[in-house]
Amino acid sequence: MSDRLAVLPQYLMPKKALTEFGSLIADAKAGDLTTKLIRWFVGKYQVDMNEAANPDIASYASFNEFFTRALRADARPLANADLVCPVDGAISQFGPIAQGQIFQAKGHDYSATALVGGDKELAAHFNKGSFATIYLSPRDYHRIHMPCDGRLTRMMYIPGDLFSVNPVTARGVPGLFARNERVVCVFESAHGPFVLTLVGATIVGSMATVWHGIVNPPRTRQVREWRYTDQNIVLKKGEEMGRFLLGSTVVLLFPENTADFNPAWQPAGPVRMGEMMGNTPRAFK
């Protein structure tokens, strides 16, 4: 079966209603029922609770409390690199941004402008730059961390669809990551601006950042934007910046000549938060 045919049911299913229902289940504090759900999930997806700061399944009051669990302090050491991987997951794609286009999958590109909600001025910073797209599966750790030191300047909530973001859907739905709802976070670093985008998906009840809390819901039809230029919100490399309440994808954008990616990286390869993502070319340090 072709990927486009495989994703056809997603065009027909009530994705928003499913997501809202999933959010209710994930937020419910149902005692033994919640514990049974978490235990089933851990077994089905082989979640390694030995890495959790709190490995006691029965102690989590809700599924979302379990899903956004913290890890042990020593579970993800930071690599000696300019850029570290911000999440656990699998590499969807990474590479150059050519003529403003980001590679999604064979036969599918989308524009950096579309990803950031149509802001051509913001997208222009990343012309001839680099991108990395990382998919978080259900079994992964779902907090998101900083790839490098950064000062927050803007955040945008961009409404959109709620397609799944798994690899089959990425191959089958054109412009997926610029089509789904997303939260675009813009930072200023020592080497210029960079963007860290949290992409929503079916059943992803909400996305949250450490400076704002839960961004969605509400799910508005209009773009919402927050400016932080009058505040000094600075996050260090490896610090938590946000989390998914149920899993999804992150897309990072870097300007030209600021990111030489880890030569060991390959599409579909597993990655862990804190490992080397790349370095800044020496000539630009």
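Preceding block: the structure.
In this report, we go over the structure that sits alongside the text. (Residues numbered from 1 in each chain as written. Predicted model: local features only at pLDDT ≥ 70, side-chain atom pairs only at ≥ 80, totals over all residues. Heavy atoms only, no water.)

### Details of the packing of aromatic side chains
Turning to step 1, where the next piece is worked out: Evaluated as defined, the whole model comprises 15 aromatic pairs.
Turning to step 2, where the next piece is worked out: With a centroid separation of 6.5 Å and 75 degrees between ring planes, the pair formed by W211 and Y228 is classed as edge-to-face. Note that W211 is positioned in the loop between β10 (206-209) and β11 (213-216) and Y228 in the loop between β12 (224-227) and β13 (234-235), a separation of 17 residues in sequence. For the pair shown, W211 and Y228 are each scored as buried.
Turning to step 3, where the next piece is worked out: Each ring, one from F261 and one from W265, has its centre 6.1 Å from the other, and the planes form 15 degrees; the classification is stacked. Just as F261 is buried, W265 falls in that class too. (Phe/Tyr/Trp six-rings, centres within 6.5 Å; stacked < 30°, edge-to-face > 60°. Helix = DSSP H or I, 4+ residues; strand = E, 2+ residues; numbered from the N terminus. Buried < 20%, exposed > 50% of the residue type's maximum accessible area, 1.4 Å probe, protein only.)

### Some points on the pattern of salt bridges
Turning to step 1, where the next piece is worked out: Here the structure, examined in full by the defined rule, presents 11 salt bridges.
Turning to step 2, where the next piece is worked out: R272 is the salt-bridge partner of E51, the closest N and O atoms lying 3.2 Å from each other. With E51 in the loop between α4 (32-45) and α5 (63-67) and R272 in the loop between β17 (270-271) and β18 (276-279), this pair connects stretches of sequence that are 221 residues apart.
Turning to step 3, where the next piece is worked out: The exposure class assigned to E51 is buried, which follows from its relative accessible area of 16%.
Turning to step 4, where the next piece is worked out: Residue classification places R272 among the partly exposed residues on the basis of a relative accessible area of 40%.
Turning to step 5, where the next piece is worked out: Ionic pairing is found between D161 and R179, a salt bridge with its closest N-O pair at 3.2 Å. Placement of the pair is D161 in the loop between β7 (150-158) and α8 (167-172) and R179 in the loop between α8 and β8 (182-189), with a sequence separation of 18 residues.
Turning to step 6, where the next piece is worked out: When salt bridges with common partners are traced through the structure, they connect E51, R76, D88 and R272 into a single cluster. (Salt bridge = Lys/Arg side-chain N within 4 Å of Asp/Glu carboxyl O.)

### Overview of the sheet that holds β11
Turning to step 1, where the next piece is worked out: Ordered in space as β6-β14-β10-β11, the four strands form an open sheet in which the pairing is antiparallel. Across the chains shown, the open sheet's two edge strands, defined by having one partner strand only, are β6 (143-145) and β11. Recorded for the sheet is a direction-independent mean angle of 25 degrees between the axes of neighbouring strands.
Turning to step 2, where the next piece is worked out: Summarising the sheet, β10 and strand β14 (residues 240-245) pair through four bridges and their orientation is antiparallel. Looking at β14, one finds that S206 is bridged to L245. (Pairing = 2+ DSSP bridges. Axes fitted to C-alpha atoms, helices over the stretch in contact; angles between N-to-C directions.)

### Describing the environment of R151
Turning to step 1, where the next piece is worked out: With respect to the helices, strands and loops of the structure, R151 is situated in strand β7.
Turning to step 2, where the next piece is worked out: Classification of R151 as partly exposed rests on a relative accessible area of 27%.

### Brief notes about the nonpolar core
Turning to step 1, where the next piece is worked out: The biggest cluster of nonpolar side chains holds 35 residues, and the ones touching the most others in it are F187, L198, W211, M241 and W265.
Turning to step 2, where the next piece is worked out: Elements with a minimum of two residues in this core: β5 (130-135), β7, β8, β9 (192-199), β14 and β15 (249-254).
Turning to step 3, where the next piece is worked out: Once you skip the residues sitting within four places of it in the chain, M241 turns out to touch I144, H145, M146, C185, F187, L196, L198, A208, T209, V210, W211 and L235.
Turning to step 4, where the next piece is worked out: Counting residues in hydrophobic clusters, the runner-up holds 27 residues, among them Y110, M156, V199 and A201. (Core = buried A, V, L, I, M, F, W, Y, C linked by side-chain atoms within 4.5 Å. Contact = heavy atoms within 4.5 Å.)

### With respect to the sheet that holds strand β1 (residues 83-84)
Turning to step 1, where the next piece is worked out: With antiparallel pairing, three strands are arranged side by side in an open sheet as β1-β18-β16. Only two strands of the sheet have a single partner each, and these edge strands are β1 and β16 (260-261).
Turning to step 2, where the next piece is worked out: Pairing between β16 and β18: two bridges, direction antiparallel. Paired with D260 across the two strands is N279, which belongs to β18.

### With respect to the environment of Y45
Turning to step 1, where the next piece is worked out: Inspection of the secondary structure puts Y45 in helix α4.
Turning to step 2, where the next piece is worked out: Classification of Y45 as partly exposed rests on a relative accessible area of 28%.
Turning to step 3, where the next piece is worked out: Y45 sits 72 residues away from G117 along the chain, and the two C-alpha atoms are 34 Å apart.
Turning to step 4, where the next piece is worked out: Ignoring any residue separated from it by four or fewer positions in sequence, one finds Y45 in contact with P138 and R139.

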